[in-house]
Structures are given as structure tokens and as C-alpha cells.
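Residues per chain are reported as follows:
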Amino acid sequence: MTQLRTRPTLREPHPVRPWAVVAGALAAGVWLLSFGMFGVTLGGYVGWTVVAGLLAWAAALALVRYGDRGVAAGVAAATGVAWTAAALSVIAEWIRRGAWPL
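Residues numbered from 1 in each chain as written. Predicted model: local features only at pLDDT ≥ 70, side-chain atom pairs only at ≥ 80, totals over all residues. Heavy atoms only, no water.

**Side note on the overall build of the protein**
At step 1: Within the protein, the secondary structure is distributed over three helices and zero strands.
At step 2: For the protein, the sequential pattern of α-helices and β-strands runs α-α-α.
At step 3: Here the C-alpha atoms of the protein give a radius of gyration of 20 Å, more than 25% beyond the 13 Å that 2.2 N^0.38 yields for 102 residues.
At step 4: If one aligns the C-alpha atoms of the protein with their principal axes, the spans along those axes are about 85 × 25 × 20 Å.
At step 5: With the model as given, the accessible surface of the protein reaches about 7600 Å², and the carbon-plus-sulfur share is 69%. (Helix = DSSP H or I, 4+ residues; strand = E, 2+ residues; numbered from the N terminus. Rg over C-alpha atoms; globule rule 2.2 N^0.38 Å. Areas by Shrake-Rupley, 256 points an atom, 1.4 Å probe, with all protein chains shown as cover.)

If you want it as C-alpha cells, here you go:
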């Protein structure tokens with residue numbers, strides 16, 4: 001009589017949950033928006049957004065290592081969106097004025 005072999009069930013020890021990604025994105029969005037509002041000019045907005053994004057990435061790296069990877073993914077995604085918005089603002093102003101705005 002042959003014995004039936006079952007395949008092993010492999011599970012992620014720390015799965016990424018969708019609500020954690022959303023929570024990280026919302027928290028980082030508020031963080032980046034609040035720092036971006038410190039800038040009065042376009043250059044100030046871009047500078048504050050870059051600084052806030054670097055700090056958010058540092059927090060995301062710490063979350064990947066010691067915390068929730070889903071929140072870290074949300075923080076990284078929100079930072080990418082914020083940096084894209086800053087870059088598009090610079091490009092739009094550059095096109096409008098015809099000169100480098102920063």
C-alpha cells in the first residue's frame with residue numbers, strides 16, 4: 001500500500017495586508033503634505049517635499065526591518081507620488097515660464 005504524500009503549505013510569516021498599505025500611504029501623504037505646505041515658493045515646496053520624502057523613506061526602511069512591511073510599502077508609494085507631483089510642478093512651471101524655475 002502506498003502512502004499519500006501531501007505537499008507542504010508555505011505561508012508568509014509576515015504577510016502584507018491591504019489595510020496596512022492604505023494606512024501607510026495615508027500617514028505618509030499627510031506627512032508629505034504638511035511638510036510641502038511649509039514651502040512658500042515652488043523651490044521651497046520641492047525642497048520640503050524632498051526632505052520629507054527622505055525622512056519617510058528612512059521610516060519605511062525601519063518599518064521593513066522591524067515593523068510592518070505593508071505600512072512600509074504604503075509609505076514608499078506615497079513618497080513616490082509626492083515626488084512625482086513635485087517634479088511635474090517644476091516641469092509645468094518650466095513650460096509656462098520658458099525658464100528653469102528653481
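More follows now that the structure is in view.
**Section: the side chain of glutamate 93**
At step 1: Looking at where glutamate 93 falls in the secondary structure, it is placed in helix H3 (residues 69-97).
At step 2: A polar contact of 2.7 Å, which involves the side chain of glutamate 93, links it to the side chain of arginine 96.
At step 3: Ignoring any residue separated from it by four or fewer positions in sequence, one finds glutamate 93 in contact with Leu42, Gly98, Ala99 and Pro101. (Polar contact = N/O pair within 3.5 Å; in protein donor to acceptor, adjacent residues only side chain to side chain. Contact = heavy atoms within 4.5 Å.)

**With respect to the side chain of threonine 79**
At step 1: Of note, threonine 79 is situated in helix H3.
At step 2: Every residue in contact with threonine 79, bar those within four places of it in the chain, is listed here: Leu32, Gly53, Ala56 and Trp57.

**Examining the environment of glycine 43**
At step 1: Looking at the secondary structure, you find glycine 43 in helix H2 (residues 42-66).
At step 2: For the pair formed by glycine 43 and valine 90, sequence separation is 47 residues and the distance between their alpha carbons is 8.5 Å.

**Overview of the packing of aromatic side chains**
At step 1: Under the criterion given, the structure shown has six aromatic pairs.
At step 2: Considering the side-chain rings of tryptophan 31 and phenylalanine 35, the 4.5 Å spacing of their centres and the 45° angle between planes classify their relative orientation as tilted. Taken together, the residues span about one helical turn, with tryptophan 31 and phenylalanine 35 both in helix H1 (residues 18-36) at a distance of four residues.
At step 3: You can call tryptophan 31 partly exposed: its relative accessible area is 34%.
At step 4: Plain terms: the ring middles of tryptophan 94 and tryptophan 100 are 4.8 Å apart, the flat faces sit at 90° to each other, and that makes the pair edge-to-face. (Phe/Tyr/Trp six-rings, centres within 6.5 Å; stacked < 30°, edge-to-face > 60°. Buried < 20%, exposed > 50% of the residue type's maximum accessible area, 1.4 Å probe, protein only.)

**Concerning a nonpolar patch on the surface**
At step 1: On the surface, Leu88, Ile91, Trp94, Ile95, Trp100 and Leu102 cluster together into a nonpolar patch covering about 680 Å² of accessible area.
At step 2: Of note, tryptophan 100 is situated in the segment after H3. (Patch = residues over 30% accessible without salt bridge, like charges linked within 9 Å, V, L, I, M, F, W, Y side chains within 5 Å. Salt bridge = Lys/Arg side-chain N within 4 Å of Asp/Glu carboxyl O.)

**Focus on the pattern of salt bridges**
At step 1: In the structure shown here, the tally under the stated rule is one salt bridge.
At step 2: The salt bridge partner of arginine 96 is glutamate 93, with a shortest N-O separation of 2.7 Å. Here arginine 96 pairs with glutamate 93, and both are found in helix H3, just three residues apart, close to one helical turn.
At step 3: On the basis of relative accessibility, which here comes to 19%, the residue glutamate 93 falls in the buried class.

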